[in-house]
Structures are given as C-alpha cells and as structure tokens.
Amino acid sequence: MSKKKKVLIHSNHSKALTGFGKNARNILIGLQKTGKYEIVEFCNGSRWGDPRLKNLPWKCEGSLPSDPALVQQLNKDPNLARQAGYGAQMIDKIIEQEKPDVYIGAEDIWAFSGYTQKKWWNKINCMIWTTLDSLPILPEALKNADKIKNYYVWASFAEKEMKRLGHDHVKTLHGAVDPTNFIRLDDDKRLEIRNKNGIDKDDFIIGFVFRNQLRKSVPNLLEGFKIFQKQNPTCKAKLLLHTSWQEGWDIPRLIKEKGLKNEDILTTYVCKSCKEYEIKPFCGDSKETGESQPCKYCGGKDTQSTTNVRFGVDEPQLNEVYNAMDVYCHPFTSGGQEIPIQEAKLTELVTLATNYSCGEDCCGEESGGFPLSWTEYREPGTQFIKASTSAENIAYQLRKVLNLSKKKRENLGKKARDFVMKNYSVESVCKKLEGIIDLMPEIDWDFNFEVEKKDPTYDPPEIASDEEWITDLYKNILKIDTDETDDGHKHWIKRLKSDMSRKDVLDYFKKTAADENGKNNKVPFEDILDKDDEGKRILISMPQSIGDVYLCTSLLKNMKELYPDYNIYFATKPQYFSILAGNPYIHKCIPYSSALDSLPAMEGQGAHKGYFEIAFLPFIGTQRILNYMHNGKDKIQFELCT
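Note that the structure is a prediction, hence the values are computed from the model and not measured.

Trainee: Even after reading the chapter, I still don't get the overall build of the chain, so can you show me in this structure?
Mentor: Looking only at helices and strands, one finds 21 helices and 21 strands in the chain. Its C-alpha atoms give the chain principal-axis dimensions of about 105 × 60 × 55 Å. The buried share of the chain, taken over its 642 residues, is 54%. Considering only contacts within the chain whose residues lie at least 6 apart along the sequence, 64% involve residues at least 24 apart. On the chain, roughly 29600 Å² of surface is accessible, and the fraction owed to carbon and sulfur atoms is 50%. Considering the chain, the positive charge centre built from 91 side chains and the negative charge centre built from 93 side chains are found 4 Å apart.

Trainee: Is there a simple way to think about empty space enclosed by the protein in this case?
Mentor: Tallied over the entire structure, the rule returns 1 cavity of 30 Å³ or more. Considered as a void within the structure, the largest cavity measures approximately 80 Å³ in volume. Lining the largest cavity are Ile-109, Phe-112, Ser-113, Gly-114, Tyr-115, Thr-116, Trp-121, Ile-128, Glu-140, Asn-144 and Ile-148. A class-by-class count of the residues in the lining of the largest cavity yields 6 nonpolar, 4 polar and 1 charged.

Trainee: Any chance you could explain the sheet that holds strand S18 (residues 537–541) here in plain terms?
Mentor: Within a sheet, adjacent strands bond to each other through the backbone by hydrogen bonds, running parallel or antiparallel. Pairing in this open sheet of 4 strands is parallel, and the strands run S20-S19-S18-S21 from one edge to the other. Here the strands that pair on one side only, and so sit at the sheet edges, are strand S20 (588–591) and strand S21 (614–616). Neighbour to neighbour, the strand axes of the sheet diverge by 20° on average, direction disregarded. Here strand S19 (residues 567–572) runs beside S20; their pairing, made up of 4 bridges, is parallel. Among the inter-strand pairings, Thr-572 is bridged to a residue of S20, identified as Pro-591. Across the sheet, helix H19 (residues 546–562) is in contact with S18, S19 and S21; its angle to S19 comes to roughly 170°.

Trainee: Looking at this structure, I do not really get helix H6 (residues 156–164). What am I missing?
Mentor: An α-helix turns once every 3.6 residues. As a result, residues three or four positions apart point the same way. Ser-156, Phe-157, Ala-158, Glu-159, Glu-161 and Met-162 are the residues of H6 that are buried. Where the residues of H6 are buried, they touch helix H5 (139–143), strand S6 (150–153) and strand S7 (171–172). One or two steps after H6, the chain reaches Gly-166, where phi turns positive at roughly 100°.

Trainee: Sorry, what's going on with the packing of helix H8 (residues 218–231) against helix H12 (residues 391–402) here?
Mentor: Running from N to C, H8 and H12 cross one another at 50°; their axes reach a closest spacing of 7 Å. One finds that H8 runs oblique with respect to H12. Where H8 crosses over H12, the two elements pack in a sense that is right-handed. Together, Asn-220, Leu-221, Glu-223, Gly-224, Ile-227, Phe-228 and Gln-231 of H8 and Ala-391, Glu-392, Ile-394, Ala-395, Leu-398, Arg-399 and Leu-402 of H12 make up the contact between the two elements. Residue composition of the contact of H8 with H12, grouped by class: 8 nonpolar, 3 polar and 3 charged.

Trainee: Would you mind showing me how to read the sheet that holds strand S3 (residues 59–64) here?
Mentor: With respect to topology, 7 strands assemble into an open sheet ordered S3-S2-S1-S4-S5-S6-S7, the strand pairing being parallel. The strands lining the two open edges of the sheet, one partner per strand, are S3 and S7. The pairing of strand S2 (residues 37–47) with S3 spans 5 bridges and is parallel. Considered in S3, the bridge of Cys-43 is made with Gly-62.

Trainee: Even after reading the chapter, I still don't get the pattern of salt bridges, so can you show me in this structure?
Mentor: When the charged atoms of two side chains with opposite charge come close together, those side chains can pair. The final tally for this structure, using the stated rule, is 41 salt bridges. Close ionic contact of Lys-475 with Asp-481 constitutes a salt bridge, the shortest N to O distance being 3.5 Å. Classification of Asp-481 by relative accessible area gives partly exposed; the value is 45%. Each of Lys-6, Glu-38, Lys-59 and Glu-98 takes part in one network of salt bridges that share partners.

Trainee: Where do I start with the side chain of Gln-293 in this structure?
Mentor: Examined against the element boundaries, Gln-293 turns out to sit in the loop between strand S11 (277–281) and strand S12 (304–306). Residue class for Gln-293 comes out buried when judged on its relative accessible area of 13%. A distance of 3.5 Å separates the side chain of Gln-293 from the backbone oxygen of Gly-290, its partner in a polar contact. Dropping the residues within four chain positions of it, Gln-293 is found in contact with Tyr-269, Lys-280, Cys-283, Gly-300, Lys-301, Asp-302, Thr-303 and Gln-304.

Trainee: Which parts of the structure should I look at to understand the packing of aromatic side chains?
Mentor: All chains considered together, the criterion is met by 23 aromatic pairs. Ring geometry for Phe-20 against Trp-154: centres 5.3 Å apart, planes inclined by 75°, an arrangement best described as edge-to-face. Residue Phe-20 is found in helix H1 (residues 19–34), and its partner Trp-154 is found in the loop between S6 and H6; the two are separated by 134 residues along the sequence. Classification of Trp-154 as buried rests on a relative accessible area of 4%. Taken together, a centroid distance of 6.2 Å and an interplanar angle of 85° make the contact between Tyr-508 and Phe-509 edge-to-face. On the accessibility criterion, Phe-509 (0% relative accessible area) is buried.

Trainee: How do you make sense of the confidence of the model for the chain when you look at a structure like this?
Mentor: Reading predicted coordinates in detail is not appropriate for stretches of low pLDDT. Of all residues in the chain, 94% have pLDDT values of 70 or greater, and the mean over the chain is 90. Counted against residues more than four places away or in other chains, residues 622–629, with its pLDDT under 50, gives 12 contacts. Confidence drops under pLDDT 50 across residues 632–642; counting only partners more than four residues distant or on other chains, this segment forms 17 contacts.

Trainee: Any chance you could explain helix H13 (residues 406–423) here in plain terms?
Mentor: The terminal C-alpha atoms of H13 lie 26 Å apart, and with 18 residues this matches the ideal 26 Å at 1.5 Å per residue to within 8%. Within H13, the full set of buried residues consists of Leu-412, Gly-413, Ala-416, Arg-417, Phe-419, Val-420 and Asn-423. Buried residues of H13, viewed axially, fall in a sector of 155°; they line one side. Exposed side chains of H13 directed beyond 90 degrees from the buried face belong to Lys-407, Asp-418 and Lys-422.

Trainee: Any chance you could explain the nonpolar core here in plain terms?
Mentor: One finds Ile-206, Leu-241, Ile-265, Tyr-322, Met-325 and Tyr-328 to be the most contacted residues of the largest nonpolar core, which totals 65 residues. Looking at this core, the element that brings in the most residues is H8, giving 6 residues. When residues no more than four places from it in sequence are discounted, the contact partners of Leu-241 are Phe-208, Phe-210, Leu-221, Ile-251, Ile-265, Leu-266, Thr-267 and Thr-268. In this structure, Ile-91, Ile-94, Leu-132 and Ala-155 belong to the second largest nonpolar core, which totals 35 residues.

Trainee: Would you mind going over the environment of Ser-305 with me for this structure?
Mentor: Looking at the element boundaries, Ser-305 is found in strand S12. Assessed through its relative accessible area of 4%, Ser-305 is described here as buried. Taking the C-alpha atoms as reference, Ser-305 lies 8.3 Å from Ser-244; in sequence the two are 61 residues apart. Of the polar contacts made by the side chain of Ser-305, one reaches the side chain of Lys-272; its length is 2.9 Å.

Analysis parameters
- Residues numbered from 1 in each chain as written.
- Predicted model: local features only at pLDDT ≥ 70, side-chain atom pairs only at ≥ 80, totals over all residues.
- Heavy atoms only, no water.
- Helix = DSSP H or I, 4+ residues; strand = E, 2+ residues; numbered from the N terminus.
- Buried < 20%, exposed > 50% of the residue type's maximum accessible area, 1.4 Å probe, protein only.
- Contact = heavy atoms within 4.5 Å.
- Areas by Shrake-Rupley, 256 points an atom, 1.4 Å probe, with all protein chains shown as cover.
- Lys, Arg positive; Asp, Glu negative; His and termini not counted.
- Charge placed at Lys NZ, Arg CZ, Asp CG, Glu CD.
- 1 Å grid on protein atoms, 1.4 Å probe; cavity = no way out; pocket = protein on both sides within 12 Å on 5 of 7 lines; lining within 4 Å.
- Points joined across faces, edges and corners; volume = space filled by probe spheres on them.
- Nonpolar A, V, L, I, M, F, W, Y, C, P; charged D, E, K, R; others polar.
- Pairing = 2+ DSSP bridges.
- Axes fitted to C-alpha atoms, helices over the stretch in contact; angles between N-to-C directions.
- Parallel < 35°, antiparallel > 145°, perpendicular 65-115°, else oblique.
- Left-handed = near helix turned anticlockwise from the far one by under 90°.
- Salt bridge = Lys/Arg side-chain N within 4 Å of Asp/Glu carboxyl O.
- Polar contact = N/O pair within 3.5 Å; in protein donor to acceptor, adjacent residues only side chain to side chain.
- Phe/Tyr/Trp six-rings, centres within 6.5 Å; stacked < 30°, edge-to-face > 60°.
- pLDDT = per-residue confidence, 0-100.
- Expected span 1.5 Å × (residues − 1).
- Arc of directions from axis to C-beta.
- Core = buried A, V, L, I, M, F, W, Y, C linked by side-chain atoms within 4.5 Å.

Quick look at the structure:
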C-alpha cells in the first residue's frame, strides 16, 4: 500500500468566523473523514506554536511569527505586516517541516505574492484556490497564472474571464457550505418563530444577512424597499437586516433619509448573557443609541446588541432567522462567493442577487432565484468595475416573488436547495477536491532548499523618482516585487514626504534584510569559519555604529603584527561591511549576533573548545558581560595605537 498523501491546507483559521474560515473548517472536516490523507492546517491569524492549536483532529500550526521583536519590526512596514499576516514569514518553514505532497492555498490572491518564485513551488503539488470578485482581473492573478498548475477560483465569472485572456487551465471550485444546520422548517415551527418575535403571520419579510461593509448595497436595498411599499400598499412588508448596526453603513440615518418607518425595518439582537436572540426594530435613532438594549428573556439591562463578527447567533439560530423570511434579497457591488445566498437557498427561500461577480452563479431560475440588474461604476484607485444594483429592479423582483403562487414558491425553494447541494455543499466540494488531490502524484524529492537571501549590502543607484526608488529597494534588498498600489509602498512614499530621509529609509530596509537573513538562513556558527585556520583565529566584535567600526580598524595593523599567523574575523552588522572592504588585515567579515557577546562561548570554557583563540569585545564594558576575562589566559599582548 502507498503512503497517505500529506495535504497542507493554508487559509484563515478553521475556527475564524469568516468566509475563508468556514470553508477551511468544512473542507478540513470533509477530507479528514475520508481517512485517505494526512491533514495539516496552516492557519492565518494565529501564531506559530500557539498551544490552542493543539486540540484539533488534525495537526495545526499558526502562520504568524512567534518572535515579538520580529513582529514589531515587520509592523513598521504595512506591506511586510500584511504579508506576515498571510504567512509569508513562516511558509517555507512549514513546507520544510511537514514535507507535504499537496499544498492548497485558499485566500485572496495577494496572500501568495512571491510564492511562485519559491524553491519548493511546483516541486510539490501546488494549488491556489482564490476569490476574484471584480473585473478587470487583478494583475497579480494574471502575471503568475502560467506558473500555477492547479488554479481554481470560487466563481465562474472569474474562470470565464481568465479563459478569455488565454489561461485555459483555470477552473471553478466553489467554497464549501455545510448544509447540516440550514433547512426549511415546517410551517408550524416557522409560525412559532414569528410569534416569538412579534412578527404577524401575514407580514411579508424580506431578508438580508450580511457583514455591514460598504460593498453591501444597503442604500439601494432601502430605496428598492421604499418603491416596493409604494407600489404594493396593501402588502404588510418588512425588511429584516441581520447585521451589525455599529459598523459600516449608518443605517438609522439612511432610514430617515428615505422616509421609511422605523418599525418596518427589523434587525437581530443577541444577548451576551443568555445567548438568546430577538428580531425587532432597531431601538434607537443612531448607531450608538440602539445598542446595549434590555433582554426580555433573562432580564439583563443592557446585554443585547445587534449581531456582529465578535458575538452573534449560532448556526441553528441563524437558520431560524432565515425561516422567519419570505424572500431573501442580496444586493452587493461584488463578492467572492457571498455564503449567505447559499445558506438562504438551503432553507428553500427564493433568492434575489445582483447579477454580477459571484452573483451570476446564484441568480438564475435554475438556482431557485432571480437576477437583480445593475449599472456599472468604477472603484476609485483600482478602477475595478463595481455594480450599483437597481432599486427599481429590486422592487420589481420582490413584487414578482410576492405574486408567485405558494406552489411555485415551494418549487423554486426546493430547486434552490438542490442547486446548493449539488454545487456548494461540503460533500459535493470535498468530492471534487478529492478527485483533484487523487490525480496529483506522490512527492519524493530533497527538501533541503534555502530561502532566497536578502541583500543588506545593496546601495541603490541615483533614481529621481521616489516611487521608482522605493520599488528598487523592495526588489533588490528585500527581494519583493511591488508597485505603487501596495500599502507598504504607499507608506514609505508618505514617510519620505513627511519625517524620513532617503538614508533613513535605506537603513531601515538594510536592517530588515539583515534580520530576515539571520532568521531564515541560520547555519551552524562553525560553518561560517574557515576549517583550515582552526586554533589560529581572532575575533573582534563591533556591531555598530559607522564611527566605532571605523575607529576599530586602527587596532588591526598592530594586532596582525603581534599575531601574524592568526586570521582576524571582524563581526559587525552587514550594513557596515562596506567600510571594511579591502582592509588587508581582515580575513573575513561575519554578521554580528548577540551570541558573540559571550567570551566563554567564543573562547571556550570547560569542555567547550571555543571558536577563537582570542575574542575582543571593545563595545562592552560591564560586569554582566565579561569582556576582559579571556578564560584566565594571558592573551592580550598589544597596546592601542596612539
């Protein structure tokens, strides 16, 4: 029997309350249940070595560095900080440690910047499973497409566009949705939910479940609802917005602007104390006044707040919220998949969705839904095409659903659930993923690869443009391809125009490069030293600064005359190597590290032989670090030149 393939899944942590997190959890559970694979989770948002990651059915490791000093250093540059958040600092370590047969990265495309240049890329089976939500396709998604052999997107509109641009190998694999907790309840239970929340059985409830982000078209929906009410005055319509009212759109203000009645706009409150939820109108005239409400279930005075990403309903409760609705309406500017659309379909609701981006897959009648028409606008800066959903068409499609017979609605609802089960369910997606993995060959290769070294000695040429100069630093010092759209690039341009000189920025880049080399390219200390001069080495250590390093060179001539047969090693920070270049008395410059501060370690003590016969630390003069002891041997035989 062949060994199990080891599959490394890299995404949001499977316990994160995000779309990527839900998908990660669903596919990890689904693949684990097959028993066919050895599963490893590499999770963004958690630190390497976090003990909380040990209590899972599969091996799990965090993608953030565990070294606080390194994290602090990375946070000074938004570009490096963002890359670290997606695992850029630890990806090589997890690959080398786990030696997977298959790597699956499920994130936004920029999370994998630089991966196709990695030494391990395509030596193992590499798959990118990414969300592309707008046209034109991101340049980063295009430039490396030919190097991504297994390239999957979450929505078919992205596959069509990639193929139009000549990338025929790109395929669609939807994110996995767990249907277990999302079902249509019987009519008696649905009526019970309504009665519990003060909703009349004849109310026509239009629902929208969403994170209150600006890309969710709340103003368009409120305007469409207003038109619908005016066109259908006998309909007892209410709009249920299951979201946080504390972030994003100022919904109370929009309600006033539209002239809507507050009692016609419902939301979901959750009690932090008893965990019960309640559907009711927002209880204030602003974002602030409507939060911290009393709970009718446990009597808490200010324990209720609108549902949010930090604290909200669980999935069985969310299922009840869907079952309180008559129709589901999801207008948005663009999106990767918009999982609430599939959840609503699983509860057999007729769904309306903007006919753009991922919405194209879920708004046809074959999916149990209707499309919402839109007009194009361009996002400032990126120039992405975004959709402004037609308020008039929202009203039109709502009226169409209102006038459907009960039988027609039921048939569309059943079709909607069947559509999700076939295309989005955990069983369906994992089955397709199994087929992809099983066709991939097992891997047997040498994993002794090295991380590309940064170059802390690089000095840029004279470049007039600050933008081109920063791009040059990223490329030649940090070995990162970037451009003016990156957050880190924008950060340094801003600093150059405010509080930093080019020298300050260059010093920072060089220091970061040296730190990265120290972390990524650690080798045994003895491997830095030449083998043929063992027993005849001298170390002089002066980490910084430029003046002190220069002054120390005055010692070297006398030292070499006193010890002509010894090789002098000079330890300093790599950015000062250029000062020592060409010095006839120095055998080799080596990068400074704090380990060199210990004379017993450098010269030897007890059973430890030591690396140098003599080690001088002229930058230290304390009792804590003994730079004068020299292991009890009389080795100092020279005086400072005057």
